[in-house]
Amino acid sequence: MHELVRTIKYEADRVPGFGEEIKSVPGCENLQSCIQCGTCSGMCPLSIYMDYTPRQIIELVRSDFKNEVLKSYTIWLCASCYVCTVECPREVHITDIMYELKQRAIHEGYYPKRFPIPVLAREFFRMVFKYGRVTENFLATTMMLKSNWKGVFSSWKLGLKLISTGRFPFKKEEIKRKDELQKILSTVDKLSIDMLGGISHLGNGTKKSNNNHNNHH
Amino acid sequence: MKYCYYPGCSVKGTGRAYEESLLAVLNALGIEYEELEDWNCCGATAYMAMDEIKSCVLAARNIALAEKAGYTEIMAPCSACYLVLNKSLRYMESSKPVAETVNKALATANLKISKKIKVRHPLDIILNDYGLDRLKKAVKRPLKEFKVAPYYGCQIIRPYSTFDDQYNPTSMDKILTALGATVVEFPLKTRCCGSSLTGTLPEPGLLCAYIILREALRRGANVISTGCSLCQFNLDGYHDKIEKKWEPVRIPTLYFTQLIGLALGIDEQTLGIHRCIVPLSATIGQPVNS
């Protein structure tokens with residue numbers, strides 16, 4: 001049976017304070033300047049696949065609709081091509097806002113399980129911490145195994161072509177002073193909580209708006 | 001002046017032909033460079049979805065290492081690296097708490113960013129430092145057969161580029177023209193290639209790549225030129241899937257540095273031309289049929 005979906009939001013769906021929190025992040029300050037002209041949505045090469053257009057996301061964010069925004073596919077479809085940021089007549093840094101929303105969605109657990117894009121981001125993050133560099137073919141394989149393992153089979157042809165053209169390294173790239181890099185990165189965890197007023201992106205519980213979500217997509 | 005060469009991860013792997021051709025061209029033109037010692041991942045795109053401050057710190061370690069070694073200019077060929085290194089510099093300039101956090105973290109490794117350091121793309125360096133006149137004189141084999149669609153992709157010119165127009169960049173067009181190639185009108189020159197979506201959500205990702213490939217053919221191009229390893233990968237690697245879903249749009253995608261190298265008379269092997277999945281011979285050097 002067709003499932004009925006309510007398309008209008010209620011006041012009760014809001015998570016008060018969410019818009020303000022996003023606005024307080026460096027780079028996201030211009031959120032309030034948006035005039036809802038829709039230039040971003042018109043320019044975006046991926047908006048045709050989005051559940052909410054970029055223009056709608058901006059309005060939902062500043063109106064505190066946290067759950068709708070963080071559960072949307074839109075934030076994951078953003079490929080960071082920055083066309084919206086450059087074209088915006090009000091200088092809203094839409095790409096940066098999308099990044100902030102992705103961070104929130106990952107750290108607060110708002111994304112469909114095994115959804116490949118956040119899995120890629122997490123594995124990328126881990127690989128950089130461990131080795132200091134990323135070896136793309138290893139990253140892509142891990143991402144597929146942890147999200148859609150069937151992807152490994154549908155990509156075997158490409159893998160073979162990369163091997164035959166010498167574009168598939170069999171050894172991971174790494175830096176020499178991994179301990180130095182790890183120390184620098186770990187320092188950020190401690191510092192950002194105090195210095196950035198709790199807007200570190202670590203899901204450390206310092207954020208004011210509540211997590212009252214239950215269902216994923 | 002010696003440029004500090006920051007390769008970035010992808011030119012060491014899937015995009016190694018970019019490094020091979022870039023270095024061959026720099027050597028041939030006599031542009032001096034040295035690879036940054038112990039450089040780390042720049043903190044690009046996927047990483048920024050995890051932690052923006054740490055992404056900034058990753059970029060900052062590279063910049064600080066370059067400063068410590070006495071460089072004033074970094075050359076970053078990968079467009080994602082180019083963007084993140086520039087973005088981090090801006091981010092630190094515009095936000096004091098960010099700058100303080102980054103510098104305190106760097107201090108744990110006796111590193112700091114205290115001087116102005118420029119992050120530049122090879123397109124910028126070849127066009128504006130080396131110059132078109134000298135480049136023209138260095139050409140040994142003009143690219144007469146080549147009808148090139150100049151494809152910049154997004155992150156070289158948006159949003160931080162200082163050397164080209166964000167809406168209609170022309171630096172690559174000028175370089176290609178100097179090599180004797182015909183540059184076709186290409187309005188999609190800055191449209192998204194699909195980024196990492198080609199691997200994560202193939203449907204929208206591949207559509208982005210397909211649109212660019214089809215338009216290049218429609219405009220009469222026989223080669224696409226790019227300055228980004230991810231763009232090259234997306235336009236070169238997915239022809240099977242694109243053909244199955246839409247139609248064949250086979251056209252080789254080369255790095256602009258490979259095209260410069262060919263015009264300078266450097267051999268194809270050195271330039272990594274054999275690493276293209278759609279070979280250059282698919283459209284170039286074939287007898288013209290009917």
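Residues numbered from 1 in each chain as written. Chains lettered and ligands numbered in written order. Predicted model: local features only at pLDDT ≥ 70, side-chain atom pairs only at ≥ 80, totals over all residues. Heavy atoms only, no water.

Undergrad: How would you explain the sheet that holds strand β7 (residues 223–226) of chain B if you had to name every residue and give the values?
TA: Residue and element names in this part refer to chain B. Strands sit in the order β6-β5-β7-β8 across an open sheet of four strands; the sheet is parallel. Edge positions in the sheet fall to β6 (182–183) and β8 (253–255), since each of these pairs with one other strand and no more. In this structure, strand β5 (residues 147–151) lies alongside β6, joined through two bridges in parallel fashion. Its bridge partner being in β6, Val-148 is matched across the sheet by Val-183. Across the sheet, helix α11 (residues 229–237) is in contact with β5, β7 and β8; its angle to β8 comes to roughly 160 degrees. (Pairing = 2+ DSSP bridges. Helix = DSSP H or I, 4+ residues; strand = E, 2+ residues; numbered from the N terminus. Contact = heavy atoms within 4.5 Å. Axes fitted to C-alpha atoms, helices over the stretch in contact; angles between N-to-C directions.)

Undergrad: Account for a nonpolar patch on the surface, naming residues and giving values.
TA: A cluster of nonpolar residues, Leu-145, Trp-149, Val-152, Phe-153, Trp-156, Leu-160, Ile-163 and Phe-170 of chain A, forms a patch on the protein surface that exposes about 890 Å² of accessible area. A per-element tally of the nonpolar patch places helix α11 (residues 156–164) of chain A first, with three residues. (Patch = residues over 30% accessible without salt bridge, like charges linked within 9 Å, V, L, I, M, F, W, Y side chains within 5 Å. Areas by Shrake-Rupley, 256 points an atom, 1.4 Å probe, with all protein chains shown as cover. Salt bridge = Lys/Arg side-chain N within 4 Å of Asp/Glu carboxyl O.)

Undergrad: Mind laying out helix α8 (residues 171–178) of chain B, listing which residues take part and the relevant values?
TA: All names here are of chain B. Across the eight residues that make up α8, a large majority, six, are buried. Taken together, the buried positions of α8 are Ser-171, Met-172, Asp-173, Ile-175, Leu-176 and Ala-178. Immediately downstream of α8, the backbone of Gly-180 shows phi near 90 degrees, a positive value. (Buried < 20%, exposed > 50% of the residue type's maximum accessible area, 1.4 Å probe, protein only.)

Undergrad: Run through the interface of chain A and chain B, naming residues and quoting values.
TA: Opposite the 62 residues of chain A that make contact, chain B presents 69 residues. Both sides of the chain A and chain B interface together cover about 6100 Å² of buried area, and 65% of this is carbon and sulfur. The residue Glu-37 of chain B makes a salt bridge to Lys-176 of chain A at a minimum N-O spacing of 2.9 Å. Summed over the shared surface of chain A and chain B, the number is 26 residue pairs in polar contact (both at pLDDT 80 or more). (Buried area = accessible area lost by both parts, 1.4 Å probe. Polar contact = N/O pair within 3.5 Å; in protein donor to acceptor, adjacent residues only side chain to side chain.)

Undergrad: Tell me about the pairing of β5 of chain B, and name the residues and values.
TA: Residues and elements named next belong to chain B. Burial of β5 is extensive: four of the five residues sit out of reach of the surface. Handedness of the β-α-β unit built from β5, α8 and β6 comes out right-handed. By the bridge criterion, four bridges tie β5 to β7 in an arrangement that is parallel. Across the sheet, Tyr-151 pairs through a bridge with Thr-226, a residue of β7. (Right-handed = clockwise from strand over helix to strand, strands pointing away.)

Undergrad: Any details on the sheet that holds strand β4 (residues 118–120) of chain B? Residues and values, ideally.
TA: Residues and elements named next belong to chain B. One open sheet accounts for four strands, arranged β2-β1-β3-β4; its pairing is parallel. Edge positions in the sheet fall to β2 (33–35) and β4, since each of these pairs with one other strand and no more. In this sheet, adjacent strand axes meet at a mean angle of 30 degrees when their direction is disregarded. One ladder, built from two bridges, connects strand β1 (residues 3–5) with strand β3 (residues 73–75); its direction is parallel. Among the inter-strand pairings, Tyr-5 is bridged to a residue of β3, identified as Met-75. Sheet contacts for helix α6 (residues 122–130): β1, β3 and β4; angle to β4, the most-contacted strand, approximately 95 degrees.

Undergrad: Quick rundown of helix α8 (residues 116–131) of chain A? Include the residues and the values.
TA: Residue and element names in this part refer to chain A. End to end, α8 covers 22 Å across 16 residues, agreeing with the expected 22 Å (1.5 Å per residue, within 8%). Within α8, twelve of the 16 residues are buried, leaving the element largely enclosed by the surrounding structure. Burial in α8 covers these residues: Pro-116, Ile-117, Pro-118, Val-119, Leu-120, Ala-121, Glu-123, Phe-124, Phe-125, Met-127, Val-128 and Tyr-131. Of the residues trailing α8, Gly-132 is marked for its positive phi of about 85 degrees. (Expected span 1.5 Å × (residues − 1).)

Undergrad: Requested: an account of the nonpolar core, with residues and values cited.
TA: If you look at the biggest cluster of nonpolar residues, it comprises 156 residues, and the most contacted ones within it are Leu-101 of chain A together with Phe-146, Leu-179 and Leu-259 of chain B. With ten residues, the top contributor of residues to this core is helix α3 (residues 52–68) of chain B. In this structure Phe-146 of chain B touches Ala-181, Thr-182, Asn-222, Val-223, Leu-259, Leu-262, Leu-280 and Ile-284 of chain B, once residues within four positions along its chain are discounted. Of all hydrophobic cores here, the second largest spans 26 residues; its members include Ile-212, Ile-224, Cys-228 and Cys-231 of chain B. (Core = buried A, V, L, I, M, F, W, Y, C linked by side-chain atoms within 4.5 Å.)

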